[in-house]
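A look at the structure
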Amino acid sequence: MTPVLHGWDTTERVLDSGGFESTQRARASDPVVESSSSGARWLGVAYWQAVDRFTRGGIRARWTDDGGRLTLLGGFNLLTFGAPELEFSDNLVSCRYPIHDGLLAVRAGGSVTLAQRRLDDGFELSVVVQEYLPRLAARVGAPSWTGALYAKGQSPFHAAVSRRYFDLLARRAGT
Amino acid sequence: MKIAVFGATGVVGSSLLPLLAPEHEVVAVSRSAHAAESGIRWVAGDASSPNDVARAIEGAEVVYYLVHSLGSRDFERQDRAAAENVAAASEDADVRQIVYLGGLGDDDAGASAHLRSRRETGERLAAGTTPVTTLRAAMIVGKGSAAFETIVALVDRLPAMITPSWVSTPTQPIALDDVGRYLAGVCGNHAVLGESFDVGGPEVMTYRQMIERIATLRGRRPLIVEVPVLTPRLSSLWLHLVTPVGASVARPLIEGLKNPTIAREERLRTLLPFELTSFDDAARQAFGQKKKAST
């Protein structure tokens, strides 16, 4: 049975550390992955597939159990990631990729965590980017328009990919 | 229990028979005649022939369906027809279980014709009343496995490779022995009737990493240059030239390589626990080398 998705939301804030935190969530009627290392890994697999599909291959995701990277037009490394940290329990299944570097990161640091959390009345799916320092965002004290590429481009793009990702997870869980 | 195995001369069927024969009455079905073996009765038959199928499965409680028509021009149609035959005959013969080996990644919306055909075959088998147990695997690492032998041939024959982007696609290859153990383990098991299981090996790797690992085992260091544009047709013609795999087999295989083939779940590991074979050990076995001693 394909899980039914509802309750989508997206938020973003700048942390005291200066890093960005971006969260996208959706509620699912049923689990989209099982609680196992394969289930946790699949949370990551589906995310990379969602990026590939949303950009129709313009941004390619390359990944293994050793890490991954997003490349623009097959050449430029936009972001590179370390090996996924997989966790699973009765209530939480997650796949966390530490951000290493790339053109879109000021420096190494931060992470992307893809998770399924059990709630009282269903499941929460989430994509959480934490402590990420985006190169395209406005610097502290700089005019806001200097961060337009991030605010109007990268950030909504990321949210849109996340939404597509949740749809993909639900659809594949139903097959 | 009496068991019929379709595709008994194939790579997977051949490794399954010795696992079943000590405990069961095994009828091995193949298109060509085959000499009798201890504990195994060979029957010449074609899965696309209703009469052959009915004769082969008479009295069987479990039917293994390990058949594919890859290499034929219309393999999708042939596979559908054969699966329908076996499903209908199994229903008539009151078979208790059909065991089918499908492909990981076959449920992807962008699946290749080969993977799509694997999925459709499973659906046709399940259309009858006989419960089907489906195991879905990625590349099988073993002697005779077409995909594995293709990569080995590339490594052995080419000092440098210009490869398409599919070499960066991740996959979860599984040892031939482990597939055999899983297949034998589900035989007659009530807990798995009507269920589908992903069966993956212990490691996720890209095809490029696989080429590099095989090269290391073979004592080679090929130069690999990845190019963004190399069509499946060109790739398959190239493989036809430099490997023992014909273009008609290579092309559907290559088209399938663009899809990640990763296990989504591991329920069967809980039901049938055993230590999975590492990729290197599986490859060594395929080469006839000894396994590396565990430390």
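Just above sits the structure.
Here goes a summary of the coordinates provided. These numbers were taken from a predicted model, which means no experiment stands behind them.

Within chain A, the regular secondary structure consists of two helices and nine strands. Taken from N to C terminus, the helices and strands of chain A fall in the order β-β-α-β-β-β-β-β-β-β-α. C-alpha atoms of chain A, sized along the principal axes, occupy 50 × 30 × 25 Å. Evaluated residue by residue, chain A yields a buried proportion of 37% over its 175 residues.

In this structure, B:Val5, B:Tyr64, B:Tyr65, B:Val86 and B:Val141 are the most contacted members of the largest nonpolar core, which totals 117 residues. In this structure B:Val141 touches B:Phe148, B:Pro173, B:Ile174, B:Ala175, B:Leu176, B:Phe279, B:Ala282, B:Ala283 and B:Ala286, once residues within four positions along its chain are discounted.

A few words now on the sheet that holds strand S1 (residues 2–6) of chain B. All names here are of chain B. Reading across the sheet, the seven strands line up as S3-S2-S1-S4-S5-S6-S11 and stay open at both edges, with parallel pairing between neighbours. Unpaired on one side and paired on the other, strand S3 (40–44) and strand S11 (196–199) mark the two borders of the sheet. Direction aside, the axes of adjacent strands within the sheet are offset by 20 degrees on average. Looking at chain direction, S1 and strand S4 (residues 62–65) are connected through four bridges and run parallel. Pairing of Ala-4 across the sheet is with Val-63, part of S4.

Moving on, we get to the interface of chain B and chain A. Residue-level contacts link 17 residues of chain B with 16 residues of chain A. Here the side of chain B that touches chain A is built from residues that sort into seven nonpolar, four polar and six charged.

Bringing helix H3 (residues 75–92) of chain B into the picture now. Think of an α-helix as turning once every 3.6 residues; residues three or four places apart then point the same way. Residues and elements named next belong to chain B. Over its 18 residues, H3 extends 26 Å from the first C-alpha to the last, a length consistent with the 26 Å expected when each residue adds 1.5 Å. Turning to H3, its buried residues number three or more, namely Asp-79, Ala-82, Ala-83, Asn-85, Val-86, Ala-87, Ala-89 and Ser-90. Close packing links the buried residues of H3 with S1, helix H2 (50–57), S4, strand S5 (97–103) and helix H4 (113–126). Backbone geometry just after H3 places Asp-94 at a positive phi near 55 degrees.

Let's shift gears to the packing of helix H5 (residues 146–157) of chain B against helix H7 (residues 207–217) of chain B. All names here are of chain B. Running from N to C, H5 and H7 point in directions that differ by 60 degrees, and their axes come no closer than 10 Å. Considered as vectors, H5 and H7 are oriented oblique to each other. Crossing angle aside, the handedness with which H5 passes H7 is right-handed. Contact with H5, carried on its side by Ile-151, Val-152, Leu-154 and Val-155, involves Met-210, Ile-211, Ile-214 and Ala-215 of H7 and no other residues of that element. Grouping the amino acids of the contact of H5 with H7 by side-chain chemistry returns eight nonpolar, no polar and no charged.

Each value, and the rule that gives it
Along every chain, residues carry numbers that run from 1 in the direction the sequence is written. Labels follow written order: the first chain is A, the first ligand is 1, and so on. Under the rules for a predicted model, residues below a pLDDT of 70 receive no local features and side-chain atom pairs below 80 are neither given nor counted, while totals for whole chains, interfaces and linings still include all residues. Going along the chain from the N terminus, every DSSP run of H or I of four or more residues is numbered as a helix, and every run of E of two or more is numbered as a strand. Each residue is classed by its C-beta neighbour count within 10 Å, where at least 20 other C-beta atoms makes it buried, 12 or fewer makes it exposed, and intermediate counts make it partly exposed; the C-beta atoms are placed from backbone geometry. Think of a nonpolar core as buried Ala, Val, Leu, Ile, Met, Phe, Trp, Tyr and Cys residues, each tied to the set through C-beta atoms within 7 Å. By definition, residue pairs are in contact when their C-beta atoms, positioned from the backbone, come within 7 Å. Two strands are counted as paired when DSSP detects at least two bridges linking them. For helices, the axis comes from a line fit to the C-alpha atoms of the stretch in contact; other axes are also lines fit to C-alpha atoms, and the angle between any two N-to-C directions lies between 0 and 180 degrees. Residues are grouped as follows: Ala, Val, Leu, Ile, Met, Phe, Trp, Tyr, Cys and Pro are nonpolar; Asp, Glu, Lys and Arg are charged; all remaining types, including Gly, are polar. An expected span of 1.5 Å times one less than the residue number is assigned to each helix. In this scheme, roughly parallel covers angles under 35 degrees and roughly antiparallel covers those over 145, while 65 to 115 is roughly perpendicular and the rest are oblique. If you view the pair so one helix is near and one far, a crossing is left-handed when the near helix is turned anticlockwise from the far one by less than a right angle, and right-handed when it is turned clockwise.

Everything listed is a geometric property; what it means functionally is a separate question.
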